[in-house]
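Notes for the structure review
Okay, here's what each chain looks like letter by letter:
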Amino acid sequence: MNHRPAPAALPARRVRGGPARSVVAGGEPAVWLSGAALIICLVMIFGLLGLILWNGVGTFWPGHLVQVSLRNGDVLLGEPYGTETYELRRASMALLPDEARAAALAAFPEGEDAIDAVRVLLRTDNRRESGSTFTYVNAFEVAPGSRTEPEWAVVLERADQGRFLGEPVRLISPEGTFEGPAEAWAAFERLRPAALERNERAEELEDAIAASGPALNEARLRVRSAEMRTGVEGRSLAEALARSNLSEAERGRLEAELEEKPEPLRGAVAAFAEAGRRHALLNAPRGQEMAELAAQNAAERLVMRTAAGREVEIETAEVVRGYRANALSWWGRLGVYLSRWWEFLSEEPRQAGTAGGVWPAIWGTVTMTLVMTVAVVPFGVLAALYLREYAAQGLVVSAVRVAVNNLAGVPSIVFGVFGLGFFCYLIGGGVDQLFYAERLPDPTFGKGGLLWASLTLALLTLPVVIVATEEALSAVPNSMREGSYACGASKWQTIRRIVLPRALPGILTGTILAVARGAGEVAPLMLVGAVNTAPALPVDFEPPFVHPSRSFMHLGFHIYDLGFQAPDGDAARPMVYTTMLLLIALVAVLNLAAMWLRARLRRRYVSASF
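All of the points below concern the structure found in this document. A quick note: this is a predicted structure, and the numbers were derived from the prediction, not measured. (Residues numbered from 1 in each chain as written. Predicted model: local features only at pLDDT ≥ 70, side-chain atom pairs only at ≥ 80, totals over all residues. Heavy atoms only, no water.)

1. Comments concerning the packing of aromatic side chains
Two aromatic rings are characterised by how far apart their centres lie and by the angle between their planes. Summed over the entire model, instances satisfying the criterion amount to 19 aromatic pairs. Consider the rings of Tyr436 and Phe445, whose centres lie 5.8 Å apart with planes at 40 degrees: the pair is tilted. We classify Tyr436 as partly exposed; its relative accessible area is 25%. On the accessibility criterion, Phe445 (13% relative accessible area) is buried. Taken together, the ring pairs connect Phe60, Trp61, Trp330, Trp331, Tyr337, Trp341 and Phe344 into an aromatic cluster. The side chain of Arg119 reaches across the aromatic face of Tyr136, ending 4.2 Å from its centre. The side chain of Arg324 reaches across the aromatic face of Trp152, ending 3.7 Å from its centre. (Phe/Tyr/Trp six-rings, centres within 6.5 Å; stacked < 30°, edge-to-face > 60°. Buried < 20%, exposed > 50% of the residue type's maximum accessible area, 1.4 Å probe, protein only. Lys NZ or Arg CZ within 6 Å of the ring centre and 35° of its normal.)

Given below as structure tokens:
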């Protein structure tokens, strides 16, 4: 029996670097580093969301009004918006009034040139009367014991002139004059529902007058089109015949002149004259009724007194909302808070967007995002399908992939410039020349609008959909394709029946990313369709229901406009936070809907999900 000798034990190897090298080799620093990076990311994300949530949710809560008397004799009434501490230096007090300077100097310790001073940001409103919305009040400027919360401090939210803070003095109406805060406010609350009804009636009349305008405009365009075909001018004759105060002799002379015109122009002029007479016949009584409503509104006026003692007359119909800020219960404040949110979500903006609602912006954002999604997903999926399933893999395909990936890194404003030049000016200008020549020089499609904005953002988000779809297609096992071929299925049948259904969850992932990117973009929209105030919605109940040439409002652009273009930036700041909160919520809702659909598809094709 052959016994082999046992191998000699190997000498123990000495580890260079000692315990530190072992820790590095074990990967513990990488774990701590990656964990720290995750924590920092989460802190930044939740910090941003928390800041927006805190400021956005609290914007509409009605606060108390405080009145303070300053040492120089001024009296301020306003809502405290915050307190801050700043460094006050002796040298900076030269411009202060004598009383305030003496009070501030008394707070300086001996030998100190600077102290930490406290000031309160007071929302005093009354911008039309005082020229400012916010006022900083230094603590040393306030007369001791002068801070009060007046019982009859009232907030009036006006339709056009911003908020007014003051005390009711009297109410003047056809029923009589009601003197004193109690009687004036009681009469105001009693008469205000009728004033609101008059406002609603005036808005109905305005809408009716505006609704009759498109028919007259279409008749005018037909005259213009007939002029271009015949080369004969007829617009002046049409406008003369449309007047309702013509004498019989004048009408006969104009009709005789009309008979000498060519047939296409004669018919168009007669149609315009009839539309003009109908427009005047319908709108004359509407205009008269609106004038009567305006006269009734002017007869009811609430006289208010500011904290400085100045009396201001405000029409009751001009007041959108009014309440006694210091007399409201908690439930009363909740009612004001909810009514403001409802107005914000359902009404049109007022005062350059610093008040009112954002309903047109919500509608425009959702519509633009849906049209963009409809445009980008089919093109992106088809392009990825060709690259992955049909194209021969080689240098050209690799170059195309590199180009698509690089396209995702192009600044969004570049897409906006491209959309303005290609879609608006080139394509839209050509469409106007071919189909809307009679409307020129006013462009129809040769300007920014819903369609061009959606296509521009579809181009911007196209790389996201292509890359995600390619990854989803590559995740489908080849064995499933080969099994399909073995059963006699063609290439297209395999793609349609086997590959695409199992890649749908991944395709929806790309769609979610595209929706999130497109809904929040602003820079391209500044050039291709978004406006700060749109006269009409891009989708409504009037045929053809979807109006691709119309400009539209967008929440992202609305935030930019409020933050950087508003005439009163301080007053617009709360609305900026609230609109940002709404935009984030809207994107979250759209993404949640797509994620819900993706989850359903994953459950159905669980084996193919990635």
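More follows now that the structure is in view.
2. Notes on unusual backbone geometry
The backbone of Asp125 sits at a positive phi, close to 50 degrees, despite the residue not being glycine. Of note, Asp125 is situated in the loop between β3 (114–123) and α4 (127–130). Asp125 sits in the buried class, given a relative accessible area of 3%. Despite not being glycine, Asn126 has its phi angle at roughly 50 degrees, a positive value. Along the polypeptide, Asn126 turns up in the loop between β3 and α4. (Helix = DSSP H or I, 4+ residues; strand = E, 2+ residues; numbered from the N terminus.)

3. Considerations on the packing of helix α10 (residues 359–390) against helix α15 (residues 491–520)
Where α10 meets α15, the closest approach of the two axes is 9 Å, and the angle between their N-to-C directions is 140 degrees. Considering their axes alone, α10 and α15 lie oblique with respect to each other. The crossing of α10 and α15 is right-handed. Residues Thr365, Met368, Thr369, Met372, Thr373, Val377, Val381, Leu385, Glu389 and Tyr390 of α10 pack against Lys491, Trp492, Ile495, Val499, Leu500, Ile507, Thr511, Ala514, Val515, Gly518 and Ala519 of α15. (Axes fitted to C-alpha atoms, helices over the stretch in contact; angles between N-to-C directions. Parallel < 35°, antiparallel > 145°, perpendicular 65-115°, else oblique. Left-handed = near helix turned anticlockwise from the far one by under 90°. Contact = heavy atoms within 4.5 Å.)

4. Observations concerning helix α5 (residues 181–230)
In a regular helix each residue adds 1.5 Å, so 50 residues correspond to 74 Å; α5 covers 70 Å between its end C-alpha atoms and thus fits that length. At Leu191, α5 shows its strongest bend, of approximately 35 degrees, with the proline Pro193 following within four residues. Directly after α5, the chain includes Gly231, whose backbone phi takes a positive value near 75 degrees. (Expected span 1.5 Å × (residues − 1). Bend = angle between axes of the 7 residues up to and from the residue.)

5. Examining the pattern of salt bridges
This model, assessed by the stated rule, comprises 24 salt bridges. A salt bridge links Arg198 to Glu300; its shortest N-O distance comes to 3.2 Å. Within this pair, whereas Arg198 is found in helix α5, its partner Glu300 is found in the loop between α8 (263–299) and β8 (301–305), the two being separated by 102 residues in sequence. You can call Arg198 buried: its relative accessible area is 11%. The class of Glu300 is buried, set by a relative accessible area of 8%. Among the charged side chains, a salt-bridge network with shared partners connects Glu157, Arg321, Arg340, Glu343 and Arg350. (Salt bridge = Lys/Arg side-chain N within 4 Å of Asp/Glu carboxyl O.)

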